[in-house]
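# Structure assessment
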Amino acid sequence: MTLRAGFIGLFAASFLAVDGHASVERSLYPMPRPDSAAPVAAQVSHGGAAPDRAPLAGIAPARSALPRLRPDGLGVSRDAQLAAWLAGFRGRALAQGIRGSVFDAAFAGVEINREILRRESGQPEFTRPIWAYLDSAVSSARVRGGRAMLREHRAVLDEIEARYDVDREVVIAIWGLESSYGALRGTSQLIPSLTTLAIHSRRAGFYEQQLIGALQILQAGDVDRRHLVGSWAGAMGHTQFIPTSYLAYAVDFRGDGHRDIWSDDPTDSLASTAAYLARHGWQRGQPWGVEVQIPARFNPRLANTARDVGDWVELGVRPQAGLELPRSGEATLLFPAGSEGPAILAFRNFHVIKRYNNADAYAIGIGHLADRLRGGGGFVGDWPRDDRPLSRAEREELQRVLQRAGHYDGNIDGRVGSGTLAAVRDWQAAQGLAPDGYVSFALLERMRR
């Protein structure tokens with residue numbers, strides 16, 4: 001999975017301000033769900049960001065080669081639009097091995113769900129900052145709930161940990177953020193939901209791929225259509241796998257012939273999550289990240305660069321009191337809220353978590369919640385809580401300022417990617433500021449002077 005780092009506005013998409021209960025209907029995390037693997041359909045691309053593509057962009061869907069149908073109101077009725085799309089999609093599904101009888105049964109009576117389109121298009125004007133995300137993701141209620149789940153499911157977690165060599169706390173942390181420990185798994189019927197998005201969403205190709213995956217799940221007999229449910233965007237079960245990820249990574253831990261992530265029993269979901277992390281290189285007993293102290297006159301341009309932990313120590317980077325750094329291993333220095341906020345050395349397991357959901361905010365949230373479940377404390381460094389992210393119009397204004405100052409020659413599109421961040425660092429350096437590339441309202445206000 002892939003989405004990520006360096007400025008606050010991209011750390012979180014739309015989050016619920018609730019204590020301990022995230023709704024999968026309006027997700028707490030920044031991106032859809034675990035990516036698929038090669039064995040199913042065409043894999044979603046997870047390559048590096050383009051020069052000025054937002055580094056926290058979500059899964060990049062495969063673009064459909066077919067022309068998109070025009071929206072309602074341009075001479076095509078909803079029923080006719082759905083019928084035309086289904087006629088074409090049926091051929092594509094059958095070409096990928098879906099039996100005609102499975103397809104016809106799955107789509108019997110399917111209708112477009114306008115509420116789903118409203119949800120997808122209802123993006124907030126302002127994103128929420130990393131500290132607001134963590135306040136919810138690692139709330140006291142979520143920590144209490146996670147510790148209770150560790151006790152309640154100790155026996156099965158012993159087995160899962162032994163088989164997959166993945167720390168149980170991170171598995172439980174993912175469960176907690178994805179569905180509030182199974183309380184909010186989603187109740188939307190997947191076939192109508194994914195059909196609606198495959199026709200109307202700007203990410204139609206991605207949702208069509210997930211729809212093929214959902215049909216493969218039905219055809220394999222893991223679940224029937226009535227019980228094939230999840231979030232409105234197609235994520236399923238206790239740990240919210242999208243269909244292609246389910247096909248690639250879900251496991252039948254009890255050997256009963258079904259990979260059951262939908263029932264109240266979380267065993268297969270927890271085991272599948274551990275299997276996913278193990279497949280992507282989880283190192284048991286190793287930290288995801290360590291909060292560190294940065295020496296005076298440290299070069300902020302070293303943020304988001306990777307080097308051996310010994311090299312960071314030579315540069316004066318030290319763990320916060322009570323914490324320890326591994327003796328070796330590559331680590332990436334993160335300033336989640338700029339050089340004035342907490343600093344983190346992130347290790348391999350951090351990047352493994354990002355394969356599940358490729359956002360720094362998500363990985364920090366999972367890692368920090370896992371640490372709290374082990375009895376660890378909160379962050380030592382202070383978050384800049386009096387600041388806020390920028391709206392899209394303000395991000396465009398920032399790009400225009402950078403352009404007039406000769407630091408930026410990219411598009412004025414409000415998308416803060418690597419090109420914009422490099423320009424921000426150059427502007428900060430020219431002004432005698434720490435060139436950390438941190439984009440915030442305080443920075444824009446300074447630019448306006």
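Bear in mind that the values here come from a model prediction, so they are computed numbers and not experimental data.

About the cut-offs
Residues numbered from 1 in each chain as written. Predicted model: local features only at pLDDT ≥ 70, side-chain atom pairs only at ≥ 80, totals over all residues. Heavy atoms only, no water. Helix = DSSP H or I, 4+ residues; strand = E, 2+ residues; numbered from the N terminus. Expected span 1.5 Å × (residues − 1). Contact = heavy atoms within 4.5 Å. Patch = residues over 30% accessible without salt bridge, like charges linked within 9 Å, V, L, I, M, F, W, Y side chains within 5 Å. Areas by Shrake-Rupley, 256 points an atom, 1.4 Å probe, with all protein chains shown as cover. Salt bridge = Lys/Arg side-chain N within 4 Å of Asp/Glu carboxyl O. Lys, Arg positive; Asp, Glu negative; His and termini not counted. Charge placed at Lys NZ, Arg CZ, Asp CG, Glu CD. Buried < 20%, exposed > 50% of the residue type's maximum accessible area, 1.4 Å probe, protein only. Pairing = 2+ DSSP bridges. Axes fitted to C-alpha atoms, helices over the stretch in contact; angles between N-to-C directions. Parallel < 35°, antiparallel > 145°, perpendicular 65-115°, else oblique. Left-handed = near helix turned anticlockwise from the far one by under 90°. Nonpolar A, V, L, I, M, F, W, Y, C, P; charged D, E, K, R; others polar.

### As for helix H5 (residues 140-152)
An ideal rise of 1.5 Å per residue puts 18 Å on 13 residues; H5 measures up with 18 Å between its terminal C-alpha atoms. Close packing links the buried residues of H5 with helix H4 (130-137), helix H6 (154-164), helix H7 (168-179) and helix H14 (360-373).

### Observations concerning a negative patch on the surface
Together, Asp 308, Asp 311, Glu 314 and Glu 330 make up a region of like negative charge exposed at the surface. By the element assignment, Asp 311 lies in helix H12 (residues 309-314). Its relative accessible area of 37% is what places Asp 311 among the partly exposed residues.

### Here's the deal with the pairing of strand E7 (residues 343-346)
Regular strands place side chains that alternate from one sheet face to the opposite one. Taking every second residue as pointing to the same face, both faces of E7 are buried, with Ala 343 and Leu 345 on one and Ile 344 and Ala 346 on the other. In terms of strand pairing, strand E3 (residues 289-293) meets E7 through four bridges, oriented antiparallel. The partner of Val 292 across the bridge, within E7, is Ala 343. Strand direction decides the pairing type here: strand E6 (residues 330-334) and E7, joined by three bridges, are antiparallel. Looking at the pairing, Leu 334 lines up with Ile 344 of E7.

### Observations regarding the packing of H7 against H14
For the pair H7 and H14, interaxial distance at closest approach is 8 Å and the crossing angle is 120 degrees. Relative to H14, H7 is oriented oblique. Seen along the crossing, H7 lies across H14 with a hand that is right-handed. Residues Glu 169, Val 170, Ile 172, Ala 173, Ile 174, Leu 177 and Glu 178 of H7 form the contact with H14, whose participating residues are Tyr 362, Gly 365, Ile 366, Leu 369, Ala 370 and Leu 373. Each residue belonging to the contact of H7 with H14 can be placed in one class, and the counts come to 10 nonpolar, one polar and two charged.

### A look at the sheet that holds E6
Strand order in the open sheet formed by five strands is E4-E6-E7-E3-E5, with antiparallel pairing between adjacent strands. Taken across any chain shown, the strands that pair with only one partner, and hence form the sheet edges, are strand E4 (306-308) and strand E5 (318-319).

### Regarding the pattern of salt bridges
According to the stated counting rule, one finds 19 salt bridges in the structure shown. Between Glu 169 and Arg 374 there is a salt bridge; the shortest N-O distance is 3.6 Å. Linking Glu 169 in helix H7 with Arg 374 in the loop between H14 and helix H15 (392-404), this pair joins segments that are 205 residues apart in sequence. Given the relative accessible area of 15%, Glu 169 is considered buried. Here Asp 360 and Lys 354 are joined by a salt bridge, their closest N and O atoms 2.6 Å apart. Residues Asp 360 and Lys 354 agree in their burial class; the two are buried. Sharing partners across several salt bridges, the network here consists of Asp 158, Glu 161, Asp 165, Arg 168 and Arg 284.

### Structural notes on H7
Between its first and last C-alpha, H7 extends 17 Å over 12 residues, near the 16 Å set by a 1.5 Å rise per residue. Taken across its 12 residues, H7 has 12 buried, putting it largely inside the fold. With its phi angle positive at about 50 degrees, Ser 180 sits one or two positions after the end of H7.

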